[in-house]
Amino acid sequence: MAIEVTVKPFRVRVSKTRPADTTAYAVGDVISESATDGAGTGWTFTNVAYGEGGGGYITKATIDYTTAQTFGATLLLFSVTPTSELDDNAGNTAPITADVDNFVGAIAFDALVDHGTGRSYSVATPGSGQGLPLKFTCEAASRTIYGVLVTRDAFTPVASDVVSIILEGEQL
């Protein structure tokens, strides 16, 4: 007897407005919405699973930035909100020991590019050495995964830039 698996596509976009400053990022800094100690939050990707405790595969990831930038970044993903550093422009600590059991994996974005629009982006796809496809499983009562965005290059931002991350994949 064959087992039938239903696969449904998903696409989730999460955006954050950076703080209204131009404080330069160092390699390994967190990109978030608040530099105030303890006020930054993780990137919350809701409805990535078909049902609570479900999972799937992330097959494509895009980072979209409202100004021309050329930095690389890594998105660290977790099945629960990480307890690591989440404040903007602070040195990354993820995954810390307390979060290791909930660590899903990482998506590495190549340097962002601007094709003359004033916006910049980077797209991660399977087979590109960027960590995709990435299998994930949500917690028992959840359809959500959480992320920490970390710089791989130093750069100087524009005040109040909007950073968006789009995850696409298959719900199982």
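Refer to the structure above for everything that follows.
Attention here is on the structure that accompanies the text. (Residues numbered from 1 in each chain as written. Predicted model: local features only at pLDDT ≥ 70, side-chain atom pairs only at ≥ 80, totals over all residues. Heavy atoms only, no water.)

**Some remarks on the packing of aromatic side chains**
Here is the rule: Each aromatic pair joins two rings of Phe, Tyr and Trp (for Trp, the six-membered one) with centres within 6.5 Å, and gets the label stacked for planes under 30 degrees apart, edge-to-face for over 60, and tilted for any other angle. Exposed residues in this analysis have more than 50% of their type's maximum accessible area, buried residues have under 20%, and partly exposed residues fall in between, with area computed by a 1.4 Å probe over protein chains only.
Enumeration according to the criterion identifies six aromatic pairs in this entry. An angle of 80° between the planes, with centres 5.4 Å apart, marks the rings of Tyr-65 and Phe-71 as edge-to-face. Using a relative accessible area of 0% as the deciding quantity, one classes Tyr-65 as buried. Phe-71 sits in the buried class, given a relative accessible area of 1%. An aromatic cluster is defined as three or more aromatic residues linked by ring pairs; in this entry it consists of Tyr-25, Tyr-65, Phe-71 and Phe-155.

**With respect to the pairing of strand 5 (residues 73-78)**
Definition in use: Strands here mean DSSP runs of E at least two residues long; helices mean DSSP runs of H or I at least four residues long; both are numbered from the N terminus. We call two strands paired when DSSP finds no fewer than two bridges between them.
Among the six residues of strand 5, six are classified as buried, and the element is accordingly described as predominantly covered. Residues Ala-73, Leu-75 and Leu-77 line one face of strand 5 and the alternating positions Thr-74, Leu-76 and Phe-78 line the opposite face, and both faces are buried. Relative to strand 6 (residues 103-109), strand 5 runs antiparallel, the two being bridged by six bridges. Its bridge partner lying in strand 6, Thr-74 is registered against Ala-108.

**Some thoughts on the environment of Phe-78**
Mapped onto the fold, Phe-78 is located in strand 5. Separated by 67 residues in the primary sequence, Phe-78 and Ile-145 have C-alpha atoms spaced 5.8 Å apart.

**Some details on a nonpolar patch on the surface**
In plain terms, the rule: Like charges within 9 Å and nonpolar side chains (Val, Leu, Ile, Met, Phe, Trp, Tyr) within 5 Å are joined into patches, using only residues over 30% in relative accessible area that form no salt bridge. Computed by Shrake-Rupley with a 1.4 Å probe, the accessible areas treat only the displayed protein chains as cover when residues are assessed. Take a side-chain nitrogen of Lys or Arg and a carboxyl oxygen of Asp or Glu: if they are within 4 Å of each other, that pair is a salt bridge.
Residues Ile-3, Val-5, Val-7 and Leu-172 make up a contiguous nonpolar surface patch of about 410 Å² in total accessible area. By the element assignment, Val-5 lies in the segment before strand 1 (8-17).

**Details of the pattern of salt bridges**
Going through the model one piece at a time under the given rule, you end up with seven salt bridges. When the shortest N-O distance is used, the salt bridge between Asp-64 and Arg-13 registers 3.1 Å. In this pair, Asp-64 is assigned in strand 4 (residues 55-65) and Arg-13 in strand 1, connecting sequence segments 51 residues apart. Residue classification places Asp-64 among the buried positions, given a relative accessible area of 12%. Judged by its relative accessible area of 42%, Arg-13 falls in the partly exposed class. With its nearest N and O atoms 2.4 Å apart, the salt bridge here joins Asp-64 to Arg-119. Linking Asp-64 in strand 4 with Arg-119 in the loop between strand 6 and strand 7 (120-124), this pair joins segments that are 55 residues apart in sequence. Owing to a relative accessible area of 35%, Arg-119 belongs among the partly exposed residues under this scheme. Linked by salt bridges that have partners in common, Arg-11, Lys-60 and Glu-168 make up one network.

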